[in-house]
Amino acid sequence: MELIDLNRHGGIGANCHFIRLGDFNILVDSGLHPKMMGKDALPEHAAIADRTIDLIILTHCHLDHLGSMPLMAARNPHAPIITSLPNTFLAPRMLRNSVNVMKRQREEHGIPELPLFHHREIAIFSRQLYGQRFERGEIHTKGKDQVEVILHPAGHVIGAAAVELIYKHRRIVFSGDILFEAQRTLPGAHLPTGKIDTLVLETTRGAKARCPETTRATEVDRLVNSISAILERGGSCLIPVFALGRMQELFKVIYEARNFGRLPRCPIFAAGLGMDLCNYFDKIRKKTRLIDFDLQMLERMRVKPLEFNLRPGRDLPQKGIYLLSSGMMVEHTPSYKTAAALLPHPKNGVCFVGYNDPDTPGGQLLADPEASHFYFDALEYRAPIRASVEQFDLSGHANREELADYAVQSEARAVVLTHGDTEARNWFCEELKERMPESKVLDPTPGERYTV
Ligand SMILES: [Zn+2]
Ligand SMILES: [Zn+2]
């Protein structure tokens, strides 16, 4: 098997793997780098410019995996884009949002090549989408060659799939992004067991050891207690959330906590792409039963849009829970503007629930717990930090110990590392070499061709 990792900047980056199995040219994911803009954010598509792709596979709808798919689809109009059923609903919606974001970036940063594609290309991409059920293999034929594709539920986010390819009795598995623990809205990963030949493994959390006392359930518990304390002292609670998955999970956490009397009744405000995605989640539940999310929860909690004008430093006109995109409090988003309003007031609190990149405003606010002030660059406002600021670990990624255990039980002949920073990959390299001395552990150089 020939493999090229096209994520040219390494790290988590713009995920995209090319593999050749016999006559088959296969592409798994084609994302955009979350921290780059314009063409810099693209995978190294030029390295496969001379190949016609036969099958494109999409693991899930985060933009670091999906973001540049329309370009690949346009170049390979006859290749089906195989993905799970929920992703056939979500992918076009996520891409349309991405076009709007790119248009904004073009204005703000003066990047003429943006947007990288238009709604027209998304329509073409959508026609190529092919929804496949989990855990049911489908065989594709090219000449005399055959490859079987099986998608396995990967937890992580609705629709997330690990990809198993069977070619001449060899099993190749791409983990995609995985979470083994169940979320409130979604069961955990159910990956293929038994011997695997080549395992392409995500390494996101490789730099951090598991804390034995902390589980997703204990973190949810701690979060509910914090929200309750903030509301009891008469404050408002801001929860910055990722639009796809985390917002819907948090709705469910709050809904259940209220039903069990663990949270007082209070107004709930929500805004951002995540609100629209709630409608999609409801539809996906009805059509596939793969998610536990019912839109009626929002009606019962009387969730309201964020309609009032926010001013930096002026406390929010209504006390309540604010569930707002973006999760890392990126500039110009509802969570950013709301934080600038509530941070100077001691009764309020901010509860971060996911990973915050150190370069984002959320990451910067969390970086120094002793800081007395926070500068909201885009608003030119220096806020005194008087509200509480806490972080809860509701990550969508499996911890490194679980991932290493999975690799070891697979007895993979080769483990290819992906989706992680250098430190994270290094931990996996050492750990797996020690625990799997017979196996080859490969941290590929982007753009380089490997035979595995
Ligand atoms: Zn992801
Ligand atoms: Zn990812």
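Residues numbered from 1 in each chain as written. Chains lettered and ligands numbered in written order. Predicted model: local features only at pLDDT ≥ 70, side-chain atom pairs only at ≥ 80, totals over all residues. Heavy atoms only, no water.

Asker: Help me get a handle on the coordination of the zinc ion (ligand 1), residues and values and all.
Answerer: The protein atoms that coordinate the zinc ion (ligand 1) are His 60 (NE2), His 62 (ND1), His 156 (NE2) and Asp 177 (OD), at distances of 2.1 to 2.4 Å. Coordination geometry of the zinc ion (ligand 1): the 4 donor atoms subtend angles of 90 to 171° at the metal centre, consistent with an arrangement described as irregular. Sequence spacing of the donor residues for the zinc ion (ligand 1), all on one chain, is H-x1-H-x93-H-x20-D. The distance between the zinc ion (ligand 1) and the zinc ion (ligand 2) comes to 3.3 Å, and Asp 177 binds to both of them. Taken as a pair, His 60 in the loop between strand S4 (55–57) and helix H1 (63–66) and His 156 in the loop between strand S8 (145–153) and strand S9 (161–167) lie far apart in primary sequence, 96 residues in all. On the basis of relative accessible area, His 60 is assigned to the buried category, the value being 0%. The exposure class of His 156 is buried, given its relative accessible area of 4%. (Donors = N, O, S within 2.8 Å, 3.2 Å for Na, K, Ca; no water. Tetrahedral: all angles 85-135°; square planar, octahedral: opposite > 155°, others 65-115°. Helix = DSSP H or I, 4+ residues; strand = E, 2+ residues; numbered from the N terminus. Buried < 20%, exposed > 50% of the residue type's maximum accessible area, 1.4 Å probe, protein only.)

Asker: Give me the pattern of salt bridges: which residues, what numbers.
Answerer: By the definition in use, this model includes 27 salt bridges. Among the ionic pairs, Asp 54 bridges to Lys 142, the shortest N-O distance being 3.0 Å. Taken together, the residues span a long stretch of sequence, with Asp 54 in the loop between strand S3 (24–28) and S4 and Lys 142 in strand S7 (residues 138–142) at a distance of 88 residues. Of the charged contacts in the structure, one is a salt bridge between Glu 249 and Arg 246, with a shortest N-O distance of 3.1 Å. One end of the pair is Glu 249 and the other is Arg 246, both in helix H6 (residues 246–259) and 3 residues apart, which spans about a single turn. Of the two residues examined, Glu 249 and Arg 246, each falls in the buried class. Sharing partners across several salt bridges, the network here consists of Glu 2, Arg 20, Asp 50, Arg 51 and Arg 449. (Salt bridge = Lys/Arg side-chain N within 4 Å of Asp/Glu carboxyl O.)

Asker: Describe the pairing of strand S1 (residues 2–5), naming the residues involved and giving the relevant values.
Answerer: Residues Glu 2 and Ile 4 point to one face of S1 and Leu 3 and Asp 5 to the other, with burial holding for every one of them. In terms of strand pairing, S1 meets strand S2 (residues 17–21) through 4 bridges, oriented antiparallel. When the sheet's bridge partners are listed, Glu 2 is paired in S2 with Arg 20. (Pairing = 2+ DSSP bridges.)

Asker: Would you mind going over the nonpolar core in detail, with residue names and values included?
Answerer: Among the nonpolar cores identified, the biggest contains 100 residues, and Ile 239, Phe 251 and Leu 432 are the most heavily contacted of them. When residues in this core are grouped by element, the largest group, 7 residues, is from H6. Three or more residues apiece are contributed to this core by two domains, here domain 1 (2–208 + 396–451) and domain 2 (216–391). Residues within four places of Phe 251 in sequence aside, it is in contact with Ile 268, Ala 270, Met 275, Cys 278, Phe 293, Met 297, Leu 298, Met 301, Val 303 and Leu 323. In this structure, Leu 21, Val 416, Leu 442 and Val 452 belong to the second largest nonpolar core, which totals 25 residues. (Core = buried A, V, L, I, M, F, W, Y, C linked by side-chain atoms within 4.5 Å. Domains from an automatic or database assignment. Contact = heavy atoms within 4.5 Å.)

Asker: Kindly report on the domain arrangement of the protein chain, identifying the contributing residues and their values.
Answerer: Accessible area lost upon the coming together of the parts is a frequently used measure of interface size. One can read the domain layout of the protein chain as domain 1 (2–208 + 396–451) and domain 2 (216–391). The centre of domain 1, based on its C-alpha atoms, is set 30 Å off from the matching centre of domain 2. Facing the 24 residues of domain 1 at the interface are 26 residues of domain 2. Here domain 1 and domain 2 share an interface that buries about 2200 Å² over both sides, 66% of which is from carbon and sulfur atoms. If you sort the residues of domain 1 by the area they bury against domain 2, Phe 89, Arg 184 and Thr 185 come out on top, with a joint share of 33%. The interface formed by domain 1 and domain 2 contains 4 salt bridges. For Arg 93, the salt bridge goes to Asp 276, with nearest N and O atoms at 2.4 Å. At the surface where domain 1 touches domain 2, the tally comes to 10 residue pairs in polar contact (both at pLDDT 80 or more). Of the residues assigned to the side of domain 1 that touches domain 2, the class counts are 13 nonpolar, 5 polar and 6 charged. (Buried area = accessible area lost by both parts, 1.4 Å probe. Polar contact = N/O pair within 3.5 Å; in protein donor to acceptor, adjacent residues only side chain to side chain. Nonpolar A, V, L, I, M, F, W, Y, C, P; charged D, E, K, R; others polar.)

Asker: Give a description of the side chain of Ser 410 that names residues and reports values.
Answerer: Tracing the backbone through its elements, the reader meets Ser 410 in helix H11 (residues 400–410). Among the polar contacts made by the side chain of Ser 410, one reaches the main-chain carbonyl oxygen of Ala 407 at a distance of 2.6 Å. Excluding anything up to four places from it in sequence, Ser 410 contacts Gly 194, Lys 195, Ile 196 and Leu 199.

Asker: Go over the coordination of the zinc ion (ligand 2), please, and point to the residues and values.
Answerer: Protein coordination at the zinc ion (ligand 2): the donors are Asp 64 (OD), His 65 (NE2), Asp 177 (OD) and His 419 (NE2), at 2.1 to 2.2 Å from the metal. Viewed at the metal, the 4 donor atoms of the zinc ion (ligand 2) are separated by angles of 88 to 171°, and the geometry they form is irregular. Mapped onto the sequence, the residues coordinating the zinc ion (ligand 2) show the spacing D-H-x111-D-x241-H.

Asker: An account of the sheet that holds strand S6 (residues 129–132) is requested, with residue identities and associated values reported.
Answerer: Hydrogen bonds between backbone atoms are what pair the strands of a sheet, whose relative direction is either parallel or antiparallel. Pairing within the open sheet is mixed, and its 7 strands lie in the order S6-S5-S4-S3-S2-S1-S22. Of all strands in the sheet, those with a lone pairing partner are S6 and strand S22 (449–451), marking the two edges. Sheet twist, expressed as the average angle between the axes of neighbouring strands with direction ignored, equals 25°. Relative to strand S5 (residues 81–84), S4 runs parallel, the two being bridged by 2 bridges. If you follow Ile 56 over to S5, its bridge partner there is Ile 81. Against the sheet, helix H3 (residues 85–109) contacts S5 and S6, and its axis sits at roughly 110° relative to S5. The strands touched by helix H4 (residues 119–128) within the sheet are S5 and S6, with S6 carrying the most contacts at an inclination of about 40°. (Axes fitted to C-alpha atoms, helices over the stretch in contact; angles between N-to-C directions.)

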